[in-house]
Amino acid sequence: MFAPKLYSRIINSAVRCQVRGIQSNDSLLDEITEVRNRNPRNLEFLTIGNKPKGYWLEKDQRSFWHRPVFKKTTRYVSLELHHFENGKIISVSTNDYSLKRQLRRPCDTAAYLALAEVFAERCLESGITTMATITNENENEKLTKLIEKLESCGLILAEAGQMITPCPWHKEKLIKPWEIEV
């Protein structure tokens, strides 16, 4: 009873595709004269964008594009990724229900490792692979294991420096980040 309707829909869609003609992007690429990338963070990924320098007397240095912020309360642990302009981008906490129900205690070493794994997964899904290092005054074993887990999951905890525009009188020619060195 439903099969003839289904087959007729499939046949009609196949006929429509043949009538319209499926285009490939190859014909469009020949006519393009310029490309506009509307990703606001593209210059940061290419290390061309401005990196804030901050002031040398400030307690929290602002020389970063992305910085992980580690917060520990009496019961829970959280890890957030801050952008220098937009503030908090990604946050993971052991207070999150999906993470809390799989942990025995929200502040032990297993919680730190699970927090690092979820944080790294969310960062990689959003396309952020490099960030500044985690700064914390009271660094302990759990935090060092968290940092090791972040690095083993594929995050790089050191941001590249901002590319400086070379002047013609500089002795060394700087390699541009988008060029491949052979």
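Residues numbered from 1 in each chain as written. Predicted model: local features only at pLDDT ≥ 70, side-chain atom pairs only at ≥ 80, totals over all residues. Heavy atoms only, no water.

1. Looking at the pattern of salt bridges
Okay, step 1: Under the counting rule described, the total for this entry stands at four salt bridges.
Okay, step 2: A salt bridge links K88 to E80; its shortest N-O distance comes to 3.9 Å.
Okay, step 3: On the accessibility criterion, E80 (9% relative accessible area) is buried.
Okay, step 4: One network of salt bridges, with partners in common, ties together K71, E80 and K88. (Salt bridge = Lys/Arg side-chain N within 4 Å of Asp/Glu carboxyl O. Buried < 20%, exposed > 50% of the residue type's maximum accessible area, 1.4 Å probe, protein only.)

2. Some thoughts on the side chain of E80
Okay, step 1: Tracing the sequence through the fold places E80 in strand β2 (residues 77–83).
Okay, step 2: At 3.0 Å, the side chain of E80 and the side chain of H82 are in polar contact.
Okay, step 3: If we ignore the near neighbours within four places in the chain, the residues touching E80 are R67, P68, V69, K71, K88, I90, S91 and F119. (Helix = DSSP H or I, 4+ residues; strand = E, 2+ residues; numbered from the N terminus. Polar contact = N/O pair within 3.5 Å; in protein donor to acceptor, adjacent residues only side chain to side chain. Contact = heavy atoms within 4.5 Å.)

3. Concerning the packing of helix α5 (residues 109–126) against helix α6 (residues 141–152)
Okay, step 1: Here α5 crosses α6 at 30°, and the two axes come no closer than 9 Å. As judged from the angle between their axes, α5 and α6 are roughly parallel. In the packing of α5 onto α6, the handedness of the crossing is right-handed. Taking contact as the criterion, the partners of T109, Y112, L113, L115, A116, E117, F119 and A120 in α5 are, on α6, K142, L143, K145, L146, K149 and L150. (Axes fitted to C-alpha atoms, helices over the stretch in contact; angles between N-to-C directions. Parallel < 35°, antiparallel > 145°, perpendicular 65-115°, else oblique. Left-handed = near helix turned anticlockwise from the far one by under 90°.)

4. Topic: α6
Okay, step 1: Compared with the 16 Å implied by 1.5 Å per residue over 12 residues, the 16 Å span of α6 between its first and last C-alpha is a close match.
Okay, step 2: Buried residues of α6: L143, L146, I147 and L150, and no others. Angular distribution of buried residues about the axis of α6 spans 95°; they occupy a single face of the element. Of the exposed residues in α6, those oriented more than 90 degrees away from the buried face are E141, E148 and S152.
Okay, step 3: Of the surrounding elements, those touching the buried residues of α6 are β1 (66–72), β2 and α5. (Expected span 1.5 Å × (residues − 1). Arc of directions from axis to C-beta.)

5. Some words on the side chain of E159
Okay, step 1: Note on placement: E159 falls in the segment after α6.
Okay, step 2: Of note is the side chain of E159, whose polar atom sits 2.9 Å from the backbone nitrogen of W65.
Okay, step 3: For E159, the side chain forms a polar contact with the main-chain nitrogen of H66, separated by 2.8 Å.

6. Quick look at the environment of P106
Okay, step 1: Secondary-structure assignment places P106 in the loop between α4 (97–100) and α5.
Okay, step 2: Assessed through its relative accessible area of 23%, P106 is described here as partly exposed.
Okay, step 3: C-alpha separation for the pair P106 and S93, spaced 13 residues apart in sequence, amounts to 9.1 Å.
Okay, step 4: Setting aside chain neighbours within four positions, we find P106 in contact with R75, Y76, V77, T94 and A111.

7. Quick look at a nonpolar patch on the surface
Okay, step 1: Taken together, L29, I32 and V35 make up a surface patch of nonpolar side chains, about 320 Å² in accessible area.
Okay, step 2: Position of L29 relative to the elements: it lies in helix α2 (residues 26–29).
Okay, step 3: L29 gets classed as exposed once you look at its relative accessible area, which sits at 54%. (Patch = residues over 30% accessible without salt bridge, like charges linked within 9 Å, V, L, I, M, F, W, Y side chains within 5 Å. Areas by Shrake-Rupley, 256 points an atom, 1.4 Å probe, with all protein chains shown as cover.)

8. Description of the packing of aromatic side chains
Okay, step 1: All chains considered together, the criterion is met by one aromatic pair.
Okay, step 2: A ring pair is formed by F70 and Y112, whose centres lie 5.7 Å apart and whose planes are at 45°; its orientation type is tilted. With F70 in strand β1 and Y112 in helix α5, this pair connects stretches of sequence that are 42 residues apart.
Okay, step 3: A relative accessible area of 13% places F70 in the buried class. (Phe/Tyr/Trp six-rings, centres within 6.5 Å; stacked < 30°, edge-to-face > 60°.)

9. Here's the deal with the pairing of β2
Okay, step 1: Most of β2 is tucked away: seven of the seven residues are buried.
Okay, step 2: Side chains V77, L79, L81 and H83 of β2 all project onto a buried face; the interleaved residues S78, E80 and H82 project onto the opposite face, where all are buried too.
Okay, step 3: Alignment of β1 against β2, held across seven bridges, turns out to be antiparallel. Bridge assignment links K72 to a residue of β2, and that residue is V77.
Okay, step 4: Once β1 ends, the chain turns through four residues before running back antiparallel as β2.
Okay, step 5: The sheet contact formed by β2 and strand β3 (residues 87–93) spans six bridges and is antiparallel. (Pairing = 2+ DSSP bridges.)

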